[in-house]
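Fold and contact review
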Amino acid sequence: MAAAAPRWRERLFALFFLAHVPLTALIDSQPLLPAGLLPPPLTELLQWYATTFRDPLMLQPPEWFKAFIYCEAFLQLPFFPIAAYAFLKGSCRWIRTPAIIYSTHVATTLVAILAHILFHDFSGPEQLGPQTQRERLTLLSVYMPYLLIPLLILYTMLYNPHYNHVEKRKRK
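I will try to describe carefully the structure that is included in this document.

The rules behind these values
Residues numbered from 1 in each chain as written. Predicted model: local features only at pLDDT ≥ 70, side-chain atom pairs only at ≥ 80, totals over all residues. Heavy atoms only, no water. Patch = residues over 30% accessible without salt bridge, like charges linked within 9 Å, V, L, I, M, F, W, Y side chains within 5 Å. Areas by Shrake-Rupley, 256 points an atom, 1.4 Å probe, with all protein chains shown as cover. Salt bridge = Lys/Arg side-chain N within 4 Å of Asp/Glu carboxyl O. Helix = DSSP H or I, 4+ residues; strand = E, 2+ residues; numbered from the N terminus. Core = buried A, V, L, I, M, F, W, Y, C linked by side-chain atoms within 4.5 Å. Buried < 20%, exposed > 50% of the residue type's maximum accessible area, 1.4 Å probe, protein only. Contact = heavy atoms within 4.5 Å. Expected span 1.5 Å × (residues − 1). Phe/Tyr/Trp six-rings, centres within 6.5 Å; stacked < 30°, edge-to-face > 60°.

Some details on a nonpolar patch on the surface
Residues Y70, F74 and L75 make up a contiguous nonpolar surface patch of roughly 370 Å² in combined accessible area. Counting through the fold element by element, Y70 comes out in helix α4 (residues 63–89).

Right, here's the structure in full:
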């Protein structure tokens, strides 16, 4: 019998996906929604976050970033409760392929986001973005868990014997 995935990892993944449901529905999807649809405290929370961490992507999202938000809202959001259930229950091998697809998709999008944060010229007068290296690194640290946890999910799905176990069929 294959070894089970460490429960701390499955619990971390479940918490990650559970936290994503309200974050995606109420915060991340705001740039896609008509103004005034959400209550003012939620829009003020996004405004506070973007101003505090100097994140221009959430208040002035370029079209490529909006495409990522659409993917998060319409492809990832339905997956979050399913993944949370699978990892809370534990030992659900059926989550392997969807988790691999999710984690590779998210890691790929995060590479573009992190590169934009690190290398984009935010010096224009209407640019909200980070102005110093420290501000860039601070904003990078906000996004980094959204790269590292999916990479850990991917690693677990590919290399943990429980999730990577192939049943051998008996020959007649």
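With respect to the nonpolar core
Within the largest apolar cluster, 41 residues are counted, with the highest numbers of intra-cluster contacts made by F17, F87, I95, Y143, I153 and M157. Ranked by the residues each element gives to this core, the list is headed by helix α5 (residues 96–119), at nine residues. In this structure, F87 is in contact with R7, E10, F13, A14, F17, I95, A99, M157 and Y163, ignoring residues within four places of it in sequence.

Here we look at unusual backbone geometry
One can expect most non-glycine residues to show negative phi and most peptide bonds to be in trans. Non-glycine residue R54 carries a positive phi angle of around 50°. By the element assignment, R54 lies in the loop between α2 (40–52) and α3 (56–59). You will see that S91, though not glycine, has its phi angle at about 60°, which is positive. With respect to the helices, strands and loops of the structure, S91 is situated in the loop between α4 and α5.

Some details on helix α7 (residues 145–159)
Over its 15 residues, α7 runs 20 Å from end to end, which matches the ideal 21 Å to within 8%, given 1.5 Å per residue. Within α7 the residues assigned to the buried category are L147, I149, P150, I153, L154, T156 and M157. Residues of α7 that are buried in the fold lie against α1 (7–28), α4, α5 and α6 (133–143).

A look at the pattern of salt bridges
A side chain with one charge can pair with a side chain of the opposite charge if their charged atoms come near. In this structure the tally under the stated criterion is three salt bridges. E135 is the partner of R54 in a salt bridge, and the nearest nitrogen-oxygen pair spans 3.2 Å. Here the residue R54 occupies a position in the loop between α2 and α3, and E135 occupies one in helix α6, the gap between them amounting to 81 residues. Overall, the relative accessible area of 22% leaves R54 in the partly exposed class. As a salt-bridge pair, K66 and E63 come within 3.9 Å of each other at their nearest N and O atoms. On the criterion of helical spacing, the pair formed by K66 and E63 is a turn pair, its members being three residues apart in helix α4. The class of K66 is partly exposed, set by a relative accessible area of 24%. In this structure E63 comes out as exposed when scored by relative accessible area, which is 60%.

Some remarks on the packing of aromatic side chains
Here the structure, examined in full by the defined rule, presents 15 aromatic pairs. Consider the rings of W48 and F53, whose centres lie 6.2 Å apart with planes at 90°: the pair is edge-to-face. The exposure class assigned to F53 is partly exposed, which follows from its relative accessible area of 24%. When the centroid spacing of 6.1 Å and the interplanar angle of 85° are considered together, the rings of F80 and Y102 count as edge-to-face. Remark: Y102 occurs in helix α5 and F80 occurs in helix α4; sequence separation between them is 22 residues. Exposure remark for F80: the relative accessible area of 0% places this residue in the buried category. Residue class for Y102 comes out buried when judged on its relative accessible area of 5%.

On their own, these measurements won't tell you what the molecule is for.
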